[in-house]
Amino acid sequence: MPRTALARIPKETVDQIIHHADIVEVVGDFVSLKRKGQNMWACCPFHHEKSPSFSVAPAKGLYKCFGCGKAGGVVQFIMDIEGTSYVEALKYLAKKYGIDVEEEEKTPEQQLAQNDKDSQYIVSNWAKDHYHRLLLNTDEGQGIGLSYLRQRGLNQTTIKTFELGYSLDQWDDLLKSATAAGFEQKYLEKTGLIIRRDDDQGQDTGRRYDRFRGRVMFPIHNVSGRVIGFGARTLKPNDKSAKYLNSPESDIYHKSDVLYGLYQGRQAIRSEELCYLVEGYLDVLSLHQGDIKNVVASSGTSLTDGQIRLLKRYTDNVTVLYDGDAAGIRASLRGIDMLLEGGLNVRVVLFPDGDDPDSYIRKVGDQRFREHLEGASQDFIQFKTELVSREAAHDPVKKAEAIRDVLQSIAKVPDPIKRQVFLQQTSQSFGIDEQVLITEYNKLVRNASQKAPGGQSSSGGAGGSASNSAQPRASNQSASSPRQLSPEEEAEALMYGASPDDLMGGGGDLTTLTREDLEPVPDVLQQCERELVRLLVLYAAQPLSPDVAVAQYLLAQLEETPLRTPIYADVLHVCQQEMEQGRWPEVRTLIQHSRSDIRALIGDLATERYELSPNWTTHQIYVPRELDLIQEACDNAILRLKKEIVQRELNSLQKELRDARDPAVVDKILEALMLYKRLDNELAAHLGTVIPRNVG
């Protein structure tokens, strides 16, 4: 990062950013959200899952994953997804919503706290701008880099959209320019922009040089548009180095989790509900320029699980665009099996021999290219069946192997209905009885299960058999390991009185559990304080009477009863500050607090996994909501807290009584015990928790 003084964002600007940032819009840039009830749902972007457990509550301005526990507001989401600091997350949102950020200088202590990742993002963005300027404003850039791009048919709009650049054919142009701009060498090294020169013994010589020299530069963006690395193509006719050179892995660049062009094409992918998958940078650029923007590239590498999960965030449908090279097609089949295993619907388009997507669209034009995409598209299983059957023509042994090869791909499909359809199609294509295929398929599945660790299938789809009978297969699960309930089944079980123990697999002998096996009993005082803070945060402005709202009532009740748990006391103080400034404490505001522990707590307090079904109202069944009983909820929360405090005083007094020896002290303790016991009984009576003494 530059050595010049860093800065912080004024509070007024922070408030403006948070006010304008729409959490549905922001999260929607990274995952496809679908409305269910009042909230929006998607598969979590922070961990791998097949059923959506990631919820966004627009009214509260927060998100929560009920699978991995991630939660927070719009700023926290950017921090989590980008792995960046609070300030950099605010800058990202400010840029998205066109808000100017006038920064104030940081203290030396604040400068030291600058996030290391942020510094790598900053220097990568600077390098992108540097390369772009060299392409457009230098003789070498224009004469070599720009002329090459125009020769490949790229116009100025495409060059600007993808921020293409050029690196001068010099050993240290970037190093010198970055140093002059105030950037530290360690961040240039960490991002791979410069390379350390070692001697023959592997010792640092102190010399550094540019990684990219005399190359057209393709900045690689993450899904939020931040530059994380570079691809670079050499233009030297006799260059013995690699034709394409990429940034090395770094804290911000993980090649296996990146798809080139996804940032520029993500909205089109979502709206078209389809993504075209190509191999190279120029394929993406040419198609994007031809108004086919829902396209990404694996950048010449084999597909990875991370890239497939990234695609799955935006669409379930992928069409792979192949050139006509048979060897290349064969090499790519495993990657397509991985797409199937990831639950994606996969189609294939072939181009004539000698053409790739880039050359073909330049040859035939945009319209005819689109027509080819529509006319030549075929389902992958059908494509693979035709491919292997041609190769195995008139050879029974090869044909048998070809059938098994296709069945291996079908086994990758997680959806049992799709598997059954594919088996029917394969039966017709090869002219083999479907039952024979089903038998062979189930044999493959069993073999895969036996080879995999723990007896589980090695593929996502191979765990399920195909059958045309009603007889179920024996389960792989043991009796002591019941299957996990779905969220819907769990909700239904809880509604009808099941306990958490029942849902965890129940029926086990609790007497065999040790103390270490059991969860610690939660502190009752903390639970009471947490409930008060929850009511305050969720219902602050809700009126209890014409003149008194929940926040005013609870804060008044707590004036003489300070909270003892630090985090709850801090949240209470923040709410008091909001009230003093004439504002109601709101989840939407509190979730943006600069302290991460407060953001996490607010996110946890304000999210619920299940919503009351509208069917209750449809069937005219009235189910009271907490809001309908808010006065009672507030009273009970206050009473329970006071009762717990009184019980703690009673326990303390009883301990003092056991240790007391002076009669005067004993009398004083007994007097206090009687007072607190009377208070305890009164509170219990109000709460309806008086337990009658056993008689006889």
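Refer to the structure printed above.
Remember, predicted model here, so these are calculated numbers, not experimental data.

Q: Help me out: how do you make sense of the overall build of the protein chain in this one?
A: The number of helices and strands found in the protein chain is 30 helices and 18 strands. Evaluated residue by residue, the protein chain yields a buried proportion of 44% over its 696 residues. In the protein chain, once contacts between residues fewer than 6 apart in sequence are set aside, the share between residues at least 24 apart is 65%. Surface summary for the protein chain: the accessible area is close to 37,300 Å², and the carbon and sulfur share equals 49%.

Q: What exactly am I supposed to notice about the packing of helix α6 (residues 116-137) against helix α7 (residues 139-151) here?
A: Pairs of packed helices are described in terms of their axes, by the angle between the two and the distance that separates them. It is at 6 Å that the axes of α6 and α7 come closest, and there the two elements cross at 90°. One way to sum up the angle between α6 and α7 is to call them roughly perpendicular. The segment α6 lies against α7, with Leu-134, Leu-135, Leu-136 and Asn-137 engaging Asp-139, Gly-141, Gln-142, Gly-145, Leu-146 and Leu-149. Grouping the constituent residues of the contact of α6 with α7 by class yields five nonpolar, four polar and one charged.

Q: Whenever I open this one, the sheet that holds strand β5 (residues 62-65) confuses me. Can you help?
A: One key point about sheets: their strands pair by backbone hydrogen bonds, in either a parallel or an antiparallel sense. Strand order in this open sheet of five strands is β2-β3-β4-β5-β6, and the pairing throughout is antiparallel. The sheet is open, and its two edges are formed by β2 (34-36) and β6 (71-73), each paired on a single side. Neighbour-to-neighbour, the strand axes of the sheet open up by a mean angle of 25°, direction not taken into account.

Q: Could you clarify how one ought to interpret the pairing of strand β12 (residues 227-234) in this entry?
A: For a regular strand, side-chain orientation follows a simple rule: the groups alternate between the two sheet faces. With eight of eight residues buried, β12 is to be regarded as a mostly interior element. Here seven bridges tie strand β11 (residues 215-221) to β12, and the two strands are oriented antiparallel to one another. In the sheet register, Phe-218 faces β12, and the bridge partner there is Gly-231. As consecutive antiparallel partners, β11 and β12 are separated by five residues, and within that stretch Gly-225 has a phi angle of approximately 95°, a positive value. Pairing geometry for β12 and strand β13 (residues 244-246), over three bridges, is antiparallel. The residue of β13 that forms the bridge with Gly-231 is Asn-246.

Q: I'm lost on the sheet that holds β12 in this one. Help?
A: Taking strand neighbours across the sheet as the criterion, the four strands line up as β8-β11-β12-β13 in an open arrangement whose pairing is antiparallel. Of all the strands in the sheet, the pair left with one neighbour each is β8 (165-167) and β13. Strand-to-strand twist of the sheet, defined as the mean angle between neighbouring strand axes without regard to direction, takes the value 35°. Across three bridges, β8 lies against β11 in antiparallel orientation. Bridge pairing in β11 links Tyr-166 to Val-216.

Q: Just to check I follow, could you spell out the pattern of salt bridges for this structure?
A: A side chain of one charge can pair with a side chain of the opposite charge if their charged atoms are brought near each other. Taken as a whole and judged by the stated rule, the model has 34 salt bridges. Between Arg-226 and Glu-88 there is a salt bridge, and its shortest N-O distance comes to 3.3 Å. Of this pair, Arg-226 sits in the loop between β11 and β12 while Glu-88 is found in helix α4 (residues 86-96), placing the two residues 138 residues apart along the sequence. Taken individually, Arg-226 and Glu-88 each receive the classification buried, so the pair is uniform in this respect. Two residues, Glu-531 and Arg-534, come together in a salt bridge whose shortest N-O distance is 2.8 Å. Residue Glu-531 and its partner Arg-534 are located together in helix α23 (residues 524-539), separated by three residues, close to a single helical turn. Since its relative accessible area comes to 28%, Glu-531 is described here as partly exposed. Through salt bridges with shared partners, a single network forms among Glu-82, Glu-88, Lys-91 and Arg-226.

Q: Could you clarify how one ought to interpret empty space enclosed by the protein in this entry?
A: Over the atoms rolls a probe the size of a water molecule, and its path tells where empty space is left. Taken as a whole and assessed by the stated rule, the structure comprises three cavities of 30 Å³ or more. Lining the largest cavity, in full, are Ile-220, Tyr-253, Lys-255, Val-258, Tyr-260, Ser-298, Ser-299, Thr-301 and Gln-307. For the lining of the largest cavity, a count of residues per class yields four nonpolar, four polar and one charged. Reported here for the second largest cavity is a volume of approximately 40 Å³. What lines the second largest cavity is simply Ile-18, Ala-21, Ile-23, Gly-61, Val-74, Arg-588 and Gln-592.

Q: Please clarify how the packing of aromatic side chains should be interpreted in this entry.
A: In this description, a pair of aromatic rings is defined by centroid distance and the angle of the planes. Scanning all chains against the criterion turns up 21 aromatic pairs. With a centroid separation of 6.3 Å and 50° between ring planes, the pair formed by Phe-54 and Phe-77 is classed as tilted. Here Phe-54 is found in strand β4 (residues 54-57), whereas its partner Phe-77 is found in helix α3 (residues 74-82), with 23 residues between them in sequence. One exposure class covers both Phe-54 and Phe-77, and it is buried. By the ring-pair criterion, three or more aromatic residues cluster together here, those being Phe-30, Phe-46, Phe-54, Tyr-63 and Phe-77. One residue, Arg-197, lies across the ring of Trp-171, its end atom 5.9 Å from the ring centre. Sitting above the plane of the Tyr-121 ring, Arg-226 keeps its charged end 3.9 Å from the centroid.

Q: Hey, could you run me through unusual backbone geometry in this one?
A: When glycine is set aside, most residues are seen to have a negative phi, and most peptide bonds are trans. Unusually for a residue other than glycine, Glu-273 sits at a positive phi of about 55°. For Glu-273, the position within the fold is in the loop between α11 (262-272) and β14 (275-278). For Glu-273, a relative accessible area of 56% translates into the label exposed. With a phi angle near 70°, Asp-291 is a residue other than glycine that sits in the positive phi range. Relative to the helices and strands, Asp-291 is located in the loop between α12 (281-289) and β15 (295-297).

What counts and what doesn't
Residues numbered from 1 in each chain as written. Predicted model: local features only at pLDDT ≥ 70, side-chain atom pairs only at ≥ 80, totals over all residues. Heavy atoms only, no water. Helix = DSSP H or I, 4+ residues; strand = E, 2+ residues; numbered from the N terminus. Buried < 20%, exposed > 50% of the residue type's maximum accessible area, 1.4 Å probe, protein only. Contact = heavy atoms within 4.5 Å. Areas by Shrake-Rupley, 256 points an atom, 1.4 Å probe, with all protein chains shown as cover. Axes fitted to C-alpha atoms, helices over the stretch in contact; angles between N-to-C directions. Parallel < 35°, antiparallel > 145°, perpendicular 65-115°, else oblique. Nonpolar A, V, L, I, M, F, W, Y, C, P; charged D, E, K, R; others polar. Pairing = 2+ DSSP bridges. Salt bridge = Lys/Arg side-chain N within 4 Å of Asp/Glu carboxyl O. 1 Å grid on protein atoms, 1.4 Å probe; cavity = no way out; pocket = protein on both sides within 12 Å on 5 of 7 lines; lining within 4 Å. Points joined across faces, edges and corners; volume = space filled by probe spheres on them. Phe/Tyr/Trp six-rings, centres within 6.5 Å; stacked < 30°, edge-to-face > 60°. Lys NZ or Arg CZ within 6 Å of the ring centre and 35° of its normal.

Function-wise, these values are silent; they only describe arrangement.
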